[in-house]
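Coordinate analysis (summary)
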Amino acid sequence: MEVKKISDYIWEIPTTEKEGMLVPARIYATEKLLREMDAGVFEQVTNVACLPGIQKYAYCMPDGHWGYGFPIGGVAAFSKEDGVISPGGIGFDINCGMRLIRTDLTVSEVAPRIRELVNLLFEIVPAGVGSKGFVKLSVEEFKRVMVCGVDWCIEKGYGWEEDRERIEENGCIPGADPSKISEKAISRGIAQLGTLGSGNHYLEIQIATPDKIFYKVAAKALGIFENQVLVMVHCGSRGFGHQVATDYLRVFDAAMRKYGITVRDRELVCAPFNSPEGQDYFKAMKCAANAAFANRQVIVHRIRQGFSRIFGREPEDMGMHIIYDVAHNVAKLEMHEVDGVEKELVVHRKGSTRCFGPGRREVPEIYRNIGQPVIVGGSMETGSYLLVGTEKAMKETFGSTMHGSGRTMSRTKAKHEVRGTELKKKMEEAGIIVKAVSNSGLAEEAGFAYKNISEVVETMEMAGISRKVVELKPVGNIKG
């Protein structure tokens, strides 16, 4: 395909490159990252550009790689009136996302007890395929979780009142309807509250690297200081969200025939947003998203308990406040400007993060002057970043940026390259204590299987879309 250079960090595939493209496709990347992207990214992002009602561009972020339907790292906004909603633009792990918790503890206080802390957190935050949490729910209570999200957790004593304002959508997207959820989805999700799951999900103890605080004004507003200990959580809606997506892929397959919609890839099955099928999925997706917010909230509750047991202090006395929580697999109704007109759009983010700039009402008041916090996870060997959104992001990418470093190698190939036992030893020699459910699962997530997180983050900083606040280095990691 012809790929035109728009700037050092933006590349465009024009509509002439594929029959049916309604808008150009744009990829944010350095020339090096662009060259390294798999061919599937170009195929998938241009397929997305063919979907009915798409606005401005089909986007792929610098962490982009081949995914289901949409590339992972994909962003697309659709007209609310004549556009579509597509599970492939959201992902199977609905509201997979990141949460970051600060502490007042320093590395010198935590380092002597880091192994003890990691072992305890591994014990009280279940991880791995099929793991079950300590929260026992009836079906009716689980439906309340779907509707209320984090509000349910706070009501039950699994959170603080202040927590909700530090979570995207206050931890509860309105309009969830449990009647749109199958019994099979309920059976898969009812026991999983407070669990990490498997794959690339993790709980990580991190340090604010002293020489890597880049934006001191924002760091102060976010409660970040040098050598500070923080905790990052990456997980989503587990088997519950996966089943919701699976259920509606079947529904949408029939709906496309009903509405005369054709797509270039069967994985892009969709339905008109305003159709009964589209609305049913949107309401079901919100149930899974709210369950994911609640899942991360219960995990935070357990993290606070774990720190309290190890350090003999109350979580409040250790300053264990949530900095923020962001989703990176979700579709939402948002107001954005298109051709000089404010419109309500259906914004799909699949492996990409909302990145709203200063002044937006959706950004918590405590952060409104600096922009929305953005949590970007790297590999377990290389560290992560905390960023903030910019005004330019609102104009260029529907307020979106990358979500992580992005894979460059399949899980199967990674396991052929290194044994989990070897990787664990190597990480411990580098000062990172690791607990994993399986050694093969650990090998799948080796740092060499991912892009350079610093290069990915720097790309969006140089493009003016998101701004670095601090780099976070791992000292303890729990993998599913």
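Quick note: structure is the one above.
These lines cover the structure that appears in this document, whether it is placed above or below. Not measured: the values here are computed from a predicted model.

Rules of the game
Residues numbered from 1 in each chain as written. Predicted model: local features only at pLDDT ≥ 70, side-chain atom pairs only at ≥ 80, totals over all residues. Heavy atoms only, no water. Helix = DSSP H or I, 4+ residues; strand = E, 2+ residues; numbered from the N terminus. Rg over C-alpha atoms; globule rule 2.2 N^0.38 Å. Buried < 20%, exposed > 50% of the residue type's maximum accessible area, 1.4 Å probe, protein only. Contact = heavy atoms within 4.5 Å. Polar contact = N/O pair within 3.5 Å; in protein donor to acceptor, adjacent residues only side chain to side chain. Axes fitted to C-alpha atoms, helices over the stretch in contact; angles between N-to-C directions. Parallel < 35°, antiparallel > 145°, perpendicular 65-115°, else oblique. Nonpolar A, V, L, I, M, F, W, Y, C, P; charged D, E, K, R; others polar. Pairing = 2+ DSSP bridges. Disulfide = S-S within 2.5 Å. Expected span 1.5 Å × (residues − 1). Core = buried A, V, L, I, M, F, W, Y, C linked by side-chain atoms within 4.5 Å. Left-handed = near helix turned anticlockwise from the far one by under 90°.

Turning our eyes to something else, we now look at the overall build of the protein chain. Each helix and strand counted, the protein chain has 15 helices and 19 strands in total. Its C-alpha atoms give the protein chain a radius of gyration of 21 Å, within 12% of the compact-globule value 23 Å for 480 residues. Reported as C-alpha extents along the three principal axes, the dimensions of the protein chain are approximately 60 × 50 × 50 Å. Buried residues in the protein chain amount to 64% of all 480 residues. Pairs at least 24 apart in sequence give 76% of the contacts found in the protein chain among residues at least 6 apart.

Here we come to helix H15 (residues 453-462). Every buried residue of H15 is accounted for by Ile453, Glu455, Val456, Val457, Thr459 and Met460. Two or three places before serine 454, at the opening of H15, asparagine 452 has a side-chain oxygen 2.9 Å from that residue's backbone nitrogen. Among the residues trailing H15, glycine 464 stands out with phi positive, at a value near 80 degrees.

In the contact formed by helix H5 (residues 139-148) and helix H10 (residues 276-311), the axes pass within 6 Å of each other and the chain directions differ by 95 degrees. The orientation of H5 relative to H10 falls into the category roughly perpendicular. Across from Val145, Met146 and Val147 in H5, the residues of H10 making contact are Lys286, Cys287, Asn290, Ala291 and Ala294. The residue makeup of the contact of H5 with H10, split by class, is six nonpolar, one polar and one charged.

Moving on to the sheet that holds strand E1 (residues 4-7). Read from one edge to the other, the open sheet built from seven strands follows the order E1-E2-E3-E4-E5-E13-E12, with strand pairing classed as mixed. Since the sheet does not close on itself, it has two edges, and those belong to E1 and strand E12 (329-338), each with one partner. Ignoring which end each strand starts from, the neighbouring axes of this sheet average 25 degrees apart. As paired elements, E12 and strand E13 (residues 341-350) share 10 bridges and run antiparallel to each other. In the strand pairing of E13, asparagine 329 is matched with lysine 350.

A complete count under the given rule lists zero disulfides for this structure. Cysteine 235 takes part in no disulfide bond, and the closest cysteine sulfur, belonging to cysteine 96, lies 7.2 Å away.

Consecutive side chains along a regular strand alternate between the two faces of the sheet. Across the six residues that make up strand E11 (residues 322-327), a large majority, six, are buried. Sheet topology places strand E7 (residues 97-106) next to E11; five bridges connect them, and they run antiparallel. Residue pairing across strands places arginine 99 opposite aspartate 325, the latter belonging to E11.

A few words on H10. Over its 36 residues, H10 extends 53 Å from the first C-alpha to the last, a length consistent with the 52 Å expected when each residue adds 1.5 Å. Along H10, 30 of the 36 residues are buried, which leaves the element largely enclosed by surrounding structure. Following H10 by one or two positions, glycine 312 has its phi on the positive side, about 65 degrees.

Before going further, it helps to spend a moment on the nonpolar core. Formed by 129 residues in total, the largest nonpolar core has its most connected members in Leu203, Phe240, Val244, Ile303 and Phe307. Broken down by element, this core gets its largest block of residues, 17 residues, from H10. Leu100, Ala219, Ile224 and Leu230 belong to the second largest nonpolar core, which has 26 residues in total.

A separate point is the packing of helix H4 (residues 114-124) against H10. Look at H4 against H10: their axes get within 10 Å of each other, and the N-to-C directions meet at 140 degrees. Looking at the two axes, H4 sits oblique to H10. As H4 runs across H10, the sense of the crossing is right-handed. Contacts between H4 and H10 involve Glu116, Leu117, Leu120, Leu121 and Ile124 from the first element and Arg302, Ile303, Gly306, Phe307, Arg309, Ile310 and Phe311 from the second. Classifying every residue of the contact of H4 with H10 gives eight nonpolar, one polar and three charged.

Read these as layout, nothing more, since geometry by itself doesn't imply function.
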